[in-house]
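Close look at the chain arrangement
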Amino acid sequence: MDRWQQYLFEQHSEATLRDWARRLQMFRFFRAFGGHAGDADALDVAFAWRTIEQLESCLGDLGIALVKYDQRPPQPELVVSYRGTDIARFPSLIRGTEWIQQPGHCEIAGIKVYIWCGNGMLKISMATGYDVADQDVAAAEAVEQALAGVTLERIDPPLDTRNYICPTYYPDYFDRP
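Values in this document were obtained by computation on a predicted structure and should not be read as measured data. (Residues numbered from 1 in each chain as written. Predicted model: local features only at pLDDT ≥ 70, side-chain atom pairs only at ≥ 80, totals over all residues. Heavy atoms only, no water.)

**A word on the overall build of the protein chain**
Counting secondary structure elements, the protein chain contains five helices and seven strands. Beginning at the N terminus, the succession of helices and strands in the protein chain can be written as α-α-β-β-α-α-β-β-β-α-β-β. If one aligns the C-alpha atoms of the protein chain with their principal axes, the spans along those axes are about 55 × 40 × 25 Å. Expressed as a percentage of its 177 residues, the buried residues of the protein chain come to 42%. Across the protein chain, contacts joining residues at least 24 apart in sequence account for 62% of those joining residues at least 6 apart. A total accessible area of about 10,400 Å² is found for the protein chain, and carbon and sulfur atoms account for 50% of it. (Helix = DSSP H or I, 4+ residues; strand = E, 2+ residues; numbered from the N terminus. Buried < 20%, exposed > 50% of the residue type's maximum accessible area, 1.4 Å probe, protein only. Contact = heavy atoms within 4.5 Å. Areas by Shrake-Rupley, 256 points an atom, 1.4 Å probe, with all protein chains shown as cover.)

So, in structure tokens, the structure goes:
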């Protein structure tokens, strides 16, 4: 087994990742970059949007209302140092919009997810802690039912990297018996 495979299968066996790949239609298991990146394993799905109206409509259909500001809210300045408690008071905005706040932590079908929008992509992530467990996969299956009506084009994988268990990098994982 090479170093990449050792890392990929460090937390979950190849059989487990194959099972998850077959169970999930949209979500993809993401093996964290690791090292000093501070990221976590997750289940991700991404969709492309071209207009704010498309984004609003999609999220509205999922029961997620976007927070819009009438004028630009205060934002941190690049040359100023802030304490963590001070930086938290600035709303995180969707880049390129006229002051629409990132959805962040929310729920779809009663299940906790994290949504981030930017560069024409809506990304939905799920995980509990730094690892993905079978209960996360079961929750992702339920969220996929709610996502079945999404008309936006799906981006697969959400980021072009072999860290995603997806048909592009692991086609044999998706062969249906």
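**Things to note about the state of the cysteines**
This model, assessed by the stated rule, comprises zero disulfides. Note on cysteine 117: no disulfide assigned, nearest cysteine sulfur contributed by cysteine 58 at a separation of 8.7 Å. Overall, the relative accessible area of 1% leaves cysteine 117 in the buried class. (Disulfide = S-S within 2.5 Å.)

**Focus on the environment of glycine 149**
Inspection of the secondary structure assignment puts glycine 149 in the loop between helix 5 (134-147) and strand 6 (153-155). Distance from glycine 149 to tyrosine 170, taken between C-alpha atoms, is 26 Å for residues 21 residues apart in sequence.

**Section: the pattern of salt bridges**
Pairs can form between side chains of opposite charge once their charged atoms are near each other. Scanning all chains against the criterion turns up 12 salt bridges. With a closest N to O distance of 3.2 Å, arginine 18 and glutamate 14 form a salt bridge. Of this pair, arginine 18 and glutamate 14 both sit in helix 2 (residues 14-23), four residues apart, which is roughly one turn of that helix. Looking at glutamate 14, the relative accessible area reads 33%, which means it is partly exposed. Note that lysine 123 is salt-bridged to aspartate 44, the shortest N-O span being 3.8 Å. With lysine 123 in strand 5 (residues 121-126) and aspartate 44 in strand 2 (residues 42-48), this pair connects stretches of sequence that are 79 residues apart. (Salt bridge = Lys/Arg side-chain N within 4 Å of Asp/Glu carboxyl O.)

**Structural notes on the pairing of strand 3 (residues 104-108)**
As paired strands, strand 3 and strand 4 (residues 111-118) are joined by five bridges and run antiparallel to one another. Note that in strand 4 the partner of glutamate 107 across the bridge is lysine 112. (Pairing = 2+ DSSP bridges.)

**As for the environment of serine 81**
Inspection of the secondary structure assignment puts serine 81 in the loop between helix 3 (52-61) and helix 4 (84-87). Owing to a relative accessible area of 74%, serine 81 belongs among the exposed residues under this scheme. The sequence separation of serine 81 and arginine 95 amounts to 14 residues, and the corresponding C-alpha distance is 22 Å.

**Considering the pairing of strand 4**
Hairpin connection from strand 3 to strand 4: two residues lie between these consecutive antiparallel strands, with alanine 109 at a positive phi of about 55 degrees. Between strand 4 and strand 5, which follow one another and run antiparallel, lie two residues, and asparagine 119 among them has a positive phi close to 50 degrees.

**Digging into the packing of aromatic side chains**
The full count for this structure, using the stated rule, is six aromatic pairs. Centroid distance tyrosine 82 to phenylalanine 90: 5.3 Å. Interplanar angle 80 degrees. Geometry classified as edge-to-face. A residue is classified by how much of its surface remains accessible, and tyrosine 82, at 26% relative accessible area, is partly exposed. Three or more aromatic residues joined by ring pairs make a cluster, and in this case those are Phe30, Phe33 and Tyr164. (Phe/Tyr/Trp six-rings, centres within 6.5 Å; stacked < 30°, edge-to-face > 60°.)

Remember, this is a structural readout, not a statement about activity or role.
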